[in-house]
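# Commentary on secondary and tertiary structure
Below, each chain spelled out in residue letters.
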Amino acid sequence: MKLFGIQLNRRTFIRWKIYIDRARMYIGYISFVMIAFMFLNDFKDETIRTFLDENKLITYPVMMVVFMVFSLILGRLDTKLGLRKEEMRNAASENPVTMEILQNIKEIKQKLNDE
């Protein structure tokens, strides 16, 4: 089936899903910056609000650097604890294609050992 010259089939939808998943990472970066600005704009205290309004060229970049440093610390902690590695291991064991490749490798290894 074709729509606007694009072949609509299973591969097309899988390719689009991959595109959306990749774009989601970049949207996350944009959301990160927006949350930082919302955080700074949400102060109701008159003293803090006045300080932020009078020193926007200093406070906003400084807060962005603080958010970035905080993110780097969280990322480093995640790496040290090995959470991402374990997450990837679990995802791979649930992926039938990965398991099929692993099975094929084991069979090849077994055949090489038998010879």
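In short, a report on the structure. Note that the structure is predicted; figures quoted are calculated from it, not measured. Every chain's residues receive numbers from 1 upward, in the order its sequence appears when written. Two thresholds apply to this predicted model, a pLDDT of at least 70 for residue-level local features and 80 or more for giving and counting side-chain atom pairs, whereas whole-chain, interface and lining totals are computed over all residues. Each side-chain value is derived from all of the structure's non-hydrogen atoms; neither hydrogens nor water enter the calculation.

### Thoughts on the overall build of the chain
The helix count covers DSSP runs of H or I at least four residues long, the strand count covers runs of E at least two residues long, and both are numbered beginning at the N terminus. Along its length, the chain carries 5 helices and 2 strands. Relative to a compact globule of 115 residues, whose C-alpha radius of gyration would be 13 Å, the chain shows 24 Å and is clearly more extended. Dimensions of the chain along its principal axes, counting C-alpha atoms only, are 80 × 50 × 20 Å. A buried classification covers 9% of the 115 residues belonging to the chain. Only heavy atoms enter the contact rule, under which two residues are in contact if any of them lie within 4.5 Å. Within the chain, contacts between residues separated by at least 24 positions form 27% of all contacts whose residues are at least 6 apart in sequence. Here the globule rule is a power law, 2.2 Å times the number of residues to the power 0.38, and the radius of gyration is based on C-alpha atoms. Exposed residues in this analysis have more than 50% of their type's maximum accessible area, buried residues have under 20%, and partly exposed residues fall in between, with area computed by a 1.4 Å probe over protein chains only.

### Notes on the packing of aromatic side chains
Two aromatic rings from Phe, Tyr or Trp, using only the six-membered ring of Trp, form a pair when their centres are within 6.5 Å; if the ring planes differ by under 30 degrees the pair is stacked, by over 60 it is edge-to-face, and anything between is tilted. Under the criterion given, the structure shown has 4 aromatic pairs. A centroid spacing of 5.4 Å and a plane angle of 90 degrees characterise the contact between Phe13 and Trp16, whose relative ring orientation is edge-to-face. You can see Phe13 and its partner Trp16 sitting in helix α1 (residues 10-41), 3 residues apart, about one turn around the helix. Residue Trp16 is classed as partly exposed on the basis of its relative accessible area of 31%. Consider the rings of Phe32 and Phe67, whose centres lie 6.0 Å apart with planes at 85 degrees: the pair is edge-to-face. Placement of Phe32 in helix α1 and of Phe67 in helix α3 (residues 56-81) is noted, with a sequence separation of 35 residues between them. A relative accessible area of 24% places Phe32 in the partly exposed class. Taking relative accessible area as the criterion, Phe67 reaches 18% and is therefore assigned buried. The rings of Phe32, Phe39 and Phe67 are connected pair by pair, giving a single aromatic cluster.

By themselves, these figures tell us nothing about what the structure is for.
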